[in-house]
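Here are the chains, one letter per residue:
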Amino acid sequence: MNIAVLGLPQSGKSTFLKSLLSLSDNDTLPEYCNIKVEDNRLKQVGKLLGHDKLTYPEISFTELDILTLNSKNTELKGIDSLQKSYGILLVIKCFEIENYSIITSDINQIITELIVSDTIIIENIIERRLKSSKGKTKQEIEVVNTEIELLNSLKNHLENGSALNSYIFKEGELKKLTGYNLITLKPIFVLLNSDTELIENESNENLTDYSSNFLYPSKLEMELSELTEIESNEFRESLNIDANLKYNLIKALFEGMGKIIFITAGDQEIRAWEIEKGDTALISASKIHSDISNGFIRAEVIEFDTFLKLGSWNECKKEGKVKGNGKEYVVNDGDIINFLHS
Ligand SMILES: Nc1nc2c(ncn2[C@@H]2O[C@H](COP(=O)(O)OP(=O)(O)OP(=O)(O)O)[C@@H](O)[C@H]2O)c(=O)[nH]1
Ligand SMILES: [Mg+2]
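Residues numbered from 1 in each chain as written. Chains lettered and ligands numbered in written order. Predicted model: local features only at pLDDT ≥ 70, side-chain atom pairs only at ≥ 80, totals over all residues. Heavy atoms only, no water.

A. Expanded view of the overall build of the protein. Secondary structure summary: the protein contains 14 helices and 12 strands in total. Out of the 342 residues in the protein, the part that is buried amounts to 43%. Once local pairs closer than 6 in sequence are excluded, the contacts in the protein between residues at least 24 apart make up 68%. When the 37 positive and 54 negative side-chain charges of the protein are each reduced to one mean point, those points stand 9 Å apart. (Helix = DSSP H or I, 4+ residues; strand = E, 2+ residues; numbered from the N terminus. Buried < 20%, exposed > 50% of the residue type's maximum accessible area, 1.4 Å probe, protein only. Contact = heavy atoms within 4.5 Å. Lys, Arg positive; Asp, Glu negative; His and termini not counted. Charge placed at Lys NZ, Arg CZ, Asp CG, Glu CD.)

B. Highlighting the packing of aromatic side chains. Tallied over the full model, the rule gives 7 aromatic pairs. Here phenylalanine 262 and phenylalanine 339 contribute two aromatic rings whose centre-to-centre distance is 5.9 Å and whose plane-to-plane angle is 90°, an arrangement assigned as edge-to-face. Pair noted here: phenylalanine 262 is in strand 8 (residues 259-265) and phenylalanine 339 is in strand 12 (residues 336-341), with a separation of 77 residues, a long-range link. Take phenylalanine 339: its relative accessible area is 9%, and that puts it in the buried class. (Phe/Tyr/Trp six-rings, centres within 6.5 Å; stacked < 30°, edge-to-face > 60°.)

C. Spatial organisation of the layout of surface pockets. Volume-wise, the largest pocket comes out at about 650 Å³. Lining of the largest pocket is provided by 17 residues; of these, Tyr86, Leu174, Thr178, Leu185 and Glu276 occupy positions nearest its centre. For the lining of the largest pocket, a count of residues per class yields 7 nonpolar, 6 polar and 4 charged. When residues are assigned to domains, the lining of the largest pocket turns out to be shared by domain 1 (2-99 + 186-256) and domain 2 (102-181), each giving three or more. Roughly 500 Å³ of internal volume is contained in the second largest pocket. Those elements that place two or more of their residues in the lining of the second largest pocket are strand 2 (33-36), helix 2 (40-49), helix 8 (218-224), helix 9 (229-239) and helix 10 (245-256). The leading source of residues in the lining of the second largest pocket is helix 9, at 4 residues. Of the residues that constitute the lining of the second largest pocket, the class distribution is 8 nonpolar, 7 polar and 8 charged. (1 Å grid on protein atoms, 1.4 Å probe; cavity = no way out; pocket = protein on both sides within 12 Å on 5 of 7 lines; lining within 4 Å. Points joined across faces, edges and corners; volume = space filled by probe spheres on them. Nonpolar A, V, L, I, M, F, W, Y, C, P; charged D, E, K, R; others polar. Domains from an automatic or database assignment.)

D. Structural context of empty space enclosed by the protein. Tallied over the entire structure, the rule returns 1 cavity of 30 Å³ or more. When its volume is computed, the largest cavity comes out at roughly 30 Å³. As for the largest cavity, its lining consists of Asp39, Arg41, Lys251, Phe254, Glu255, Lys259, Ile260, Ile261 and Asp333. Residue assignment for the lining of the largest cavity shows that the elements contributing at least two residues are helix 10 and strand 8. The residue inventory of the lining of the largest cavity, partitioned by class, reads 3 nonpolar, no polar and 6 charged.

Quick look at the structure:
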């Protein structure tokens, strides 16, 4: 799962990514910055099973400069790279600024740019759809017309200055758009790249308009990751900065993209598998291997808290806490699952 890290030049995108990777300022960033979503629940299961062979899901971050998006230079990452991403994190410069209103205007500038890009994408789709009606049956043309109607309505929404993730879809409409990779349909998060003063000024009303925003001091986090744990903890305490800031951010992004995990807990490996909220046991099985979903018999499931309380698969079995579920079972976040398959 990829998140595009998007911002104006010099907003601190690279510094943010370096802080996540615990790199220092002089290090070069890899093209894809892969960060583990280190869910604490895996460590808890590891303690109970007596080993720490833990495998976490990952989020891959890529840096993108908003000004290069529509550039014709093929060396630069453009719109298609943004279209391929699962979510977007806007990095907004909030350090060394004279006026807080610049924060809002930077965010609006980027969102407007994304809205324009989506409008162009939709116009192209409409054009292609109109051409594709030639030589089609009446029924097929009707399907195309309904789609064009939806696309025009989306275009209107964009032209009114709104992102598509605020469009109210009728049942089944959203499904028709899969594959078009519309940018503003994706989850969009805002990272207010701030120095500590801004954190102390958290109530600043310019910042409260955006619901999914995070205050994060990239430069400070990058510098702290170069210190020993004891030193950095001392610093954090004196500056009143949460030691889990990085972890909390990653977790919030993971959840904000509608993701949850299920866990497989064996002697060789304890692993968290990334699925979407609402995914069934069958879909979950397919994440491990298509053989398991093809030959699906049953999913044996223990609720995470029950496993933690009873401490082992055998204890859970004795207490009747291992539930056998069919293909349609909707997996809960943290479920510990053993799939039986033929
Ligand atoms: N004071 C302060 N400076 C920062 C912070 N984040 C980044 N900077 C500084 O801002 C400058 C730009 O940071 P970069 O991380 O290179 O920004 P960028 O968005 O990747 O820049 P480009 O890739 O050139 O667009 C550097 O001098 C950083 O040290 C921060 O949180 N606080
Ligand atoms: Mg950079």
